[in-house]
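# Geometric and topological summary
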Amino acid sequence: MKPKIFIDGEHGTTGLQIRTRLAGRDDLEVLSIPEAERRNKDMRADFLKETDVAILCLPDDASKEAVSILEGHNSTKIIDTSTAHRVHPDWAYGFAELDRDQRQKIADARLVANPGCYPTGAISLVRPLRDAGILPGDYPVTVNAVSGYTGGGKQMIAQMENPDAPDHIAANHFLYAMPLKHKHVPELQVHGHLDRKPIFSPSVGRFAQGMIVQVPLFTDDLNGNASMADIHAALTAHYEGQNIVQVVPLAESVMLPRLDPEELRDTDIMKLYVFGTEGSGQVNLVALLDNLGKGASGAAVQNLDLMLGNA
Ligand SMILES: NC(=O)C1=CN([C@@H]2O[C@H](COP(=O)(O)OP(=O)(O)OC[C@H]3O[C@@H](n4cnc5c(N)ncnc54)[C@H](OP(=O)(O)O)[C@@H]3O)[C@@H](O)[C@H]2O)C=CC1
Ligand SMILES: CC(=O)N[C@@H](CCC(=O)OP(=O)(O)O)C(=O)O
């Protein structure tokens, strides 16, 4: 029998993209709730209990509600794309490339928390350097980022695209989360293995999908005064043997006049760059991804395949 998949929130931004990715799959049976019934709790409960894997593409509160509906119903595995369970000890963190063991942890888990889009980029840069002993635990990490506006879901898409919306946003690029209390900070700190709370400053640009996440570092403050080449080598070693996270060769990144956040639009890969000038004492680590690809829906499908034993 084919495993049954139910995407709770399938008519939203992340859910739709997961549905598209699963559309051509004949090894799965995708259960679908009519759009008009998407908030019908009884109908959702029936689907949630009937399915083998539920992928929650809902706001945090609705995700928690779905999890409570499934309490004691252990035959349904859950992938939650919301922020609700990303630092919860009972949930496996759904970033398969986090370390050597994470892929297996996801494969064995019933409860998997899909990472946030920004943390996917930032953690992919800092965690290998923590594990390699290059980045001290108490380093004051800062993360600066720009996202495509689909990152804000249906509401932000309407604000950016519809000039008649009462809360229309006319800006081409804007900063937000200025109080430095963004919901991704705990996840960044816990899974980045950082002793200090990182400073996280996100922004949004007038493009639908794509993301640049930057982590600048002073190399004099790293263990052993690690060079650009050392940092690049540590990242390359960490991501060896898989093809979703790609570390761009130094010789290639040094030639780039600019970086386009939309470059990986509609793909599920992520590219990592080490920018700077060897010997200058500074590097800028950069992750490039599609916020809806490796940043959300692509990662959810990757986790689904691991949980079904397909990968
Ligand atoms: N967009 C992105 O790039 C990323 C999103 N995520 C996470 O994914 C989750 C979904 O986000 P996104 O797809 O962007 O959001 P959207 O607002 O685009 O979609 C959310 C969907 O959930 C539905 N919904 C809301 N409340 C309920 C409820 N109580 N019961 C049932 N359905 C409900 C909405 O219905 P309605 O149309 O009626 O509002 C909508 O269809 C969020 O937790 C977000 O943080 C994670 C990484 C990246
Ligand atoms: C542009 C934008 O608004 N981005 C969202 C983050 C993306 C998202 O909602 O997802 P997760 O928290 O589940 O990763 C935000 O900053 O809240």
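Residues numbered from 1 in each chain as written. Chains lettered and ligands numbered in written order. Predicted model: local features only at pLDDT ≥ 70, side-chain atom pairs only at ≥ 80, totals over all residues. Heavy atoms only, no water.

A word on the site of ligand 1. Near ligand 1 lie 24 residues; those nearest to it are Thr-13, Thr-14, Arg-39, Leu-58 and Lys-154. Contacts to ligand 1 include Lys-183, whose side-chain N or O atom sits 3.4 Å from an oxygen atom. Taking Asn-291, its side chain carries an N or O atom lying 3.1 Å from an oxygen atom of ligand 1. Taking 900 Å² as the accessible area of ligand 1 by itself, protein coverage stands at 85%. Contributing elements (two or more residues each) for the shell around ligand 1: α1 (13–22), α6 (153–161) and α10 (293–307). Tallied by class, the residues present in the shell around ligand 1 amount to seven nonpolar, eleven polar and six charged. When residues of the shell around ligand 1 are sorted by domain, at least three fall in each of domain 1 (4–115 + 296–307) and domain 2 (117–292). (Near = heavy atom within 4 Å. Polar contact = N/O pair within 3.5 Å; in protein donor to acceptor, adjacent residues only side chain to side chain. Areas by Shrake-Rupley, 256 points an atom, 1.4 Å probe, with all protein chains shown as cover. Helix = DSSP H or I, 4+ residues; strand = E, 2+ residues; numbered from the N terminus. Nonpolar A, V, L, I, M, F, W, Y, C, P; charged D, E, K, R; others polar. Domains from an automatic or database assignment.)

Of all residues adjacent to ligand 2, which total 15 residues, the nearest are Arg-86, Tyr-176, His-182, Lys-183 and His-184. Between ligand 2 and Tyr-176 there is a distance of 2.5 Å, counted from an oxygen atom to a side-chain nitrogen or oxygen. Within the side chain of Lys-183, an N or O atom sits 3.0 Å from an oxygen atom of ligand 2. No fewer than three residues from each of domain 1 (4–115 + 296–307) and domain 2 (117–292) sit in the shell around ligand 2.

Glancing now at the packing of helix α5 (residues 117–131) against helix α8 (residues 228–238). In a pair of packed helices, the angle between the axes and the distance between the axes together describe the arrangement. At a closest axis distance of 9 Å, the pairing of α5 and α8 adopts a crossing angle of 100°. Classed by the angle they form, the pair α5 and α8 counts as roughly perpendicular. Residue-level contacts link Ser-124, Leu-125, Pro-128, Leu-129 and Asp-131 of α5 to Ile-231, Ala-234, Leu-235 and His-238 of α8. Partitioning the contact of α5 with α8 into residue classes produces six nonpolar, two polar and one charged. (Axes fitted to C-alpha atoms, helices over the stretch in contact; angles between N-to-C directions. Parallel < 35°, antiparallel > 145°, perpendicular 65-115°, else oblique. Contact = heavy atoms within 4.5 Å.)

Here seven strands make up an open sheet; going across it, the order is β8-β9-β7-β10-β13-β12-β11 and the pairing mixed. Of all strands in the sheet, those bounded by a partner on one side alone are β8 (173–175) and β11 (245–247). If you compare each strand with its neighbour and ignore which way they point, the axes differ by 20° on average. With eight bridges connecting them, strand β10 (residues 211–218) and strand β13 (residues 282–289) associate as antiparallel partners. When the bridges of β13 are listed, Ile-212 appears paired with Leu-288. Most of the contacts of α5 go to β10, to which it runs at about 30°, and overall it touches β7 (142–148), β9 (199–205), β10, β12 (270–276) and β13. Lying over the sheet, α8 contacts β11, β12 and β13, oriented at roughly 170° with respect to β12. (Pairing = 2+ DSSP bridges.)

For the rest of this paragraph, the subject is the pairing of strand β1 (residues 4–8). Remark: a regular strand shows side chains that alternate across the two faces of the sheet. Judged by how many residues are buried, β1 sits mostly within the fold: five of five residues are covered. Alternating positions in β1 separate into two faces, Lys-4, Phe-6 and Asp-8 on one and Ile-5 and Ile-7 on the other, with burial throughout. Pairing of β1 with strand β2 (residues 29–31), which is carried by three bridges, proceeds in the parallel orientation. Residue Ile-5 lies in a different strand from β2, and its bridge partner there is Val-30. For the crossover from β1 across α1 to β2, the handedness is right-handed. Examined bridge by bridge, β1 and strand β3 (residues 53–56) share four bridges and lie parallel to one another. Of the residues in β3, the one forming a bridge with Asp-8 is Leu-56. (Buried < 20%, exposed > 50% of the residue type's maximum accessible area, 1.4 Å probe, protein only. Right-handed = clockwise from strand over helix to strand, strands pointing away.)

The UniProt record marks residues 4–106 with the feature "domain: Semialdehyde dehydrogenase NAD-binding" (unreviewed entry), using the residue numbering of this structure. Regarding residues 4–106, the helix share stands at 34% and the strand share at 17%, and the terminal C-alpha atoms are separated by 18 Å. (UniProt positions renumbered as here; feature names shortened; annotations may be inferred.)

Looking now at the packing of helix α2 (residues 41–50) against helix α3 (residues 60–69). Contact pair α2 / α3: the axes reach a minimum separation of 10 Å and the direction vectors enclose 60°. When the axes of α2 and α3 are compared, the pair comes out oblique. Here the hand of the crossing between α2 and α3 comes out right-handed. For the pair α2 and α3, contact is made by Lys-41, Arg-44, Ala-45, Leu-48 and Lys-49 and by Ala-62, Glu-65, Ala-66 and Ile-69, respectively. (Left-handed = near helix turned anticlockwise from the far one by under 90°.)

In this section: the confidence of the model for the protein chain. A residue-level look at the protein chain finds 100% of positions with pLDDT of 70 or above and a mean pLDDT of 98. Interface confidence for the predicted complex, expressed as ipTM, amounts to 0.96; the pTM equals 0.97. (pLDDT = per-residue confidence, 0-100.)

Right, let's talk about the environment of Leu-180 for a bit. Looking at the secondary structure, you find Leu-180 in the loop between β8 and α7 (185–191). Taking the C-alpha atoms as reference, Leu-180 lies 24 Å from Phe-95; in sequence the two are 85 residues apart. In this structure Leu-180 touches Ile-199 and Phe-200, once residues within four positions along its chain are discounted.

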